[in-house]
Amino acid sequence: MKTHFHPCSDADTERAPCGTWLGETSHTTGDWSHVTCGHCLRNKDRIKSAQAADEKVIVEQMGAMVDHMSSNQTPNGERAYQRLLDE
Ligand SMILES: [Zn+2]
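A few points on the structure. The structure presented is a predicted model; accordingly, all values stated were derived computationally and were not measured.

We now examine the overall build of the protein. Each helix and strand in the protein was counted, giving two helices and two strands. Ordered by position in the sequence, the α and β elements of the protein form the string β-β-α-α. Within the span of the protein, comprising 87 residues, buried residues form 13% of the whole. When contacts within the protein are restricted to residue pairs at least 6 apart in sequence, those whose partners lie at least 24 apart make up 46%.

Shown next as structure tokens:
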């Protein structure tokens, strides 16, 4: 019985990030210190960087959203300020 690295406990997932098909005898964990699967451990860096890339995309998407929101707000804010100066 092997324990594969798998950060999300998604019951529908049939395959571990190392490429092994998960059976009833396979365990998954999000904690590297509990991983016993050789494939997972050998691919640790790759799996980790893939995970980091996912997180980076999420952060970039959030950043883009914040940029979008602030670019929408700034012109109005400037106009309001300009109106104050005109009056
Ligand atoms: Zn594995």
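Bringing the environment of Thr28 into the picture now. In this fold, Thr28 is placed in strand E2 (residues 27–29). The class of Thr28 is buried, set by 21 C-beta atoms lying within 10 Å. With 21 residues separating them along the chain, Thr28 and Pro7 place their C-alpha atoms 8.0 Å apart. Not counting residues up to four positions away in its chain, the partners in contact with Thr28 are Thr3, His4, His6, Ala16 and Leu22.

As for its placement among the helices and strands, Lys2 is situated in the segment before strand E1 (3–5). Residue classification places Lys2 among the partly exposed positions, given that 18 C-beta atoms sit within 10 Å. Spatially, the C-alpha atoms of Lys2 and Ser26 are 5.5 Å apart, while their sequence positions differ by 24 residues. When neighbours within four sequence positions are excluded, Lys2 is seen to be in contact with Ser26, Thr36 and Cys37.

Turning our attention to the nonpolar core. Core analysis: the largest hydrophobic core is formed by seven residues, namely Phe5, Ala16, Cys18, Val35, Cys37, Cys40 and Ile47. Sequence-distant contacts of Ile47, that is, excluding residues within four places in its chain, are made with Phe5, Pro17 and Cys40.

Turning next to the environment of Asp31. Topologically, Asp31 is positioned in the loop between E2 and helix H1 (38–42). Judged by local crowding, Asp31 falls into the exposed class, with 9 C-beta atoms found within 10 Å. Residues Asp31 and His6, spaced 25 residues apart in sequence, show a C-alpha to C-alpha distance of 8.3 Å.

What counts, and at which threshold
Residues numbered from 1 in each chain as written. Predicted model: local features only at pLDDT ≥ 70, side-chain atom pairs only at ≥ 80, totals over all residues. Helix = DSSP H or I, 4+ residues; strand = E, 2+ residues; numbered from the N terminus. Buried ≥ 20, exposed ≤ 12 C-beta atoms within 10 Å, placed from the backbone. Contact = placed C-beta atoms within 7 Å. Core = buried A, V, L, I, M, F, W, Y, C linked by C-beta atoms within 7 Å.

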